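Here is how the chains run, residue by residue.
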Amino acid sequence: MGEKKIEKIYVLWMSTGLGCDGCSISVTGATNPSIEDVLAGRLPGVPPVVLVHPVLAVEAGEDLIEYYRKAERGELDPFVLVLEGSVPDESIAEKQQGWWAAFGFDKQTYKPITTVEWLKRLAPKAAAVIAIGTCAAWGGIPAARNNPTNAMGLMDLLGKDFKSKLGLPIINVPGCPPQGDNFMKTVALLILAVLGLSPPPELDELGRPVFAYGETNRQGCPRAGFAEEGTYAQEFGAKECLLSLGCWGPVVKCNVNRVGWINGVGGVTNMGGPCIGCTMPGFPDAFSPFYTRQSEHMLSLRFGFLPGSIKKSARLNTMKTKTDKSPRWK
């Protein structure tokens, strides 16, 4: 694929999963690279990217659907397929002769083409397949307790052994919503891989880009120093570690505290909010109720307070007797 001269790369976005379109909005805030840079071909060596997005596209109706039909016929090659929102179990709806999620219609039967059907048709022909957001990656909020649609993630539908034309598994960029740069950087790296200019992004065992999900929120948290010395916030608005207020940062794989939310600014604990685990497979059930201490927090607090207090006391003594004392002021 890398030897073929490629003048355009298409990104076919399906927003007809069970979701809220929040991932689309998040991506418009990306700055490194920005969506404008990628679409305009401003990245060195990268041809212009054509984004086909049901919300952002100029085309509507059958003119828009035609892009997806062309991809199915092999006339848009290469393309990257993106799913936003979770995947419903259409077998449940079929029992009532209905459907959960669909767009476009079949020209032979005049019946709606479900999101599940589009995914089965297009995914094997895509250079890469991305599940953006926690809903598409793991099922997310639609898959929480009392899940009437049996909502699931894209990997649950296509299988953990699925491989795209580029030989890649489903690439999960989770978050509710995900940090915009994480998605755009993943797309940019995939485009370079399609062109044969670089390897694809390194993925972990769950298909997440390691550059974004290889470490925990705590490892980039500006409040980690307070936790290390056993000092915890007693109320919202305080500057100390938020573990005492139900923060899940130590066990959540996410880089938002390091890269910020938009252009390096923001990020959950940077702005005073406890991490609620929105990038993780168990979200939201495994992290509920939010902003509340649970057994995992109590263990960390209990075993963090005493050694942290000892370290803090020893450091204060070192500062007082040695490091924070001018040799001229005796």
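See the structure printed just above.
Trainee: It is not clear to me how a nonpolar patch on the surface should be interpreted in this structure. Could you clarify?
Mentor: Residues Phe-305, Leu-306 and Ile-310 make up a contiguous nonpolar surface patch of about 330 Å² in total accessible area. Within the fold, Ile-310 resides in helix α12 (residues 295-323).

Trainee: Would you mind showing me how to read the packing of aromatic side chains here?
Mentor: The way to describe two aromatic rings as a pair is by their centre distance and the angle between their planes. Tallied over the entire structure, the rule returns nine aromatic pairs. Judged by centre distance (5.8 Å) and plane angle (5°), the rings of Phe-283 and Phe-290 are stacked. Since its relative accessible area comes to 6%, Phe-283 is described here as buried. Residue Phe-290 is classed as partly exposed on the basis of its relative accessible area of 30%. Every member of this aromatic cluster is reached through a ring pair, and the members are Phe-236, Phe-283, Phe-290 and Tyr-291. Over the face of the ring belonging to Trp-118 we find Arg-121, whose NZ or CZ atom lies 5.6 Å from the ring centre.

Trainee: Even after reading the chapter, I still don't get the pairing of strand β3 (residues 79-84), so can you show me in this structure?
Mentor: Moving residue by residue along a regular strand, the side chains alternate between the two faces of the sheet. The buried fraction of β3 amounts to six of the six residues, a majority that puts the element mostly inside the structure. Alternating residues of β3 divide into Phe-79, Leu-81 and Leu-83 and Val-80, Val-82 and Glu-84, and every residue in both groups is buried. Bridging between strand β1 (residues 9-14) and β3 involves five bridges; their strand directions are parallel. By the bridge assignment for β3, Tyr-10 is matched with Phe-79.

Trainee: Before we go on, may I ask you to explain the environment of Pro-200 in this structure?
Mentor: Position of Pro-200 relative to the elements: it lies in the loop between α8 (180-194) and α9 (210-213). Taking the relative accessible area as the measure of exposure, Pro-200 reaches 34% and is therefore partly exposed. Distance in space between the C-alpha atoms of Pro-200 and Ala-314 is 47 Å, their sequence separation being 114 residues. Each residue touching Pro-200, except ones within four places of it in the same chain, is listed here: Leu-168 and Ala-193.

Conventions adopted
- Every chain begins its residue count from 1, and numbering advances along the sequence as written.
- Whole-chain, interface and lining totals are the exception, using all residues; otherwise, since this is a predicted model, local features are given only for residues with pLDDT of at least 70 and side-chain atom pairs are given and counted only at 80 or more.
- As a convention, hydrogens and water are excluded, and side-chain values are obtained from all of the structure's heavy atoms.
- Each patch is built from residues lacking any salt bridge and having more than 30% relative accessible area; the joining distance is 9 Å for like charges and 5 Å for nonpolar side chains (Val, Leu, Ile, Met, Phe, Trp, Tyr).
- A 1.4 Å probe and the Shrake-Rupley method give the accessible areas. Residues count as covered only by the protein chains that appear here.
- Between Lys or Arg on one side and Asp or Glu on the other, a salt bridge is scored when a side-chain nitrogen of the former is within 4 Å of a carboxyl oxygen of the latter.
- Numbering goes from the N terminus for both helices and strands, where a helix is a DSSP run of H or I of at least four residues and a strand is a run of E of at least two.
- Planes of paired rings set the category: under 30 degrees apart is stacked, over 60 is edge-to-face and the rest tilted, where pairs are Phe, Tyr or Trp rings (Trp by its six-membered ring) whose centres lie within 6.5 Å.
- We call a residue buried when its accessible area falls under 20% of the maximum for its residue type, exposed when it is over 50%, and partly exposed in between, using a 1.4 Å probe and counting protein chains only.
- Two conditions define a charge sitting above a ring: the NZ of Lys or the CZ of Arg must be within 6 Å of the ring centre, and it must be within 35 degrees of the ring normal.
- Two strands pair if DSSP finds at least two bridges between them.
- Contacts are assigned to residue pairs with any non-hydrogen atoms lying within 4.5 Å of each other.

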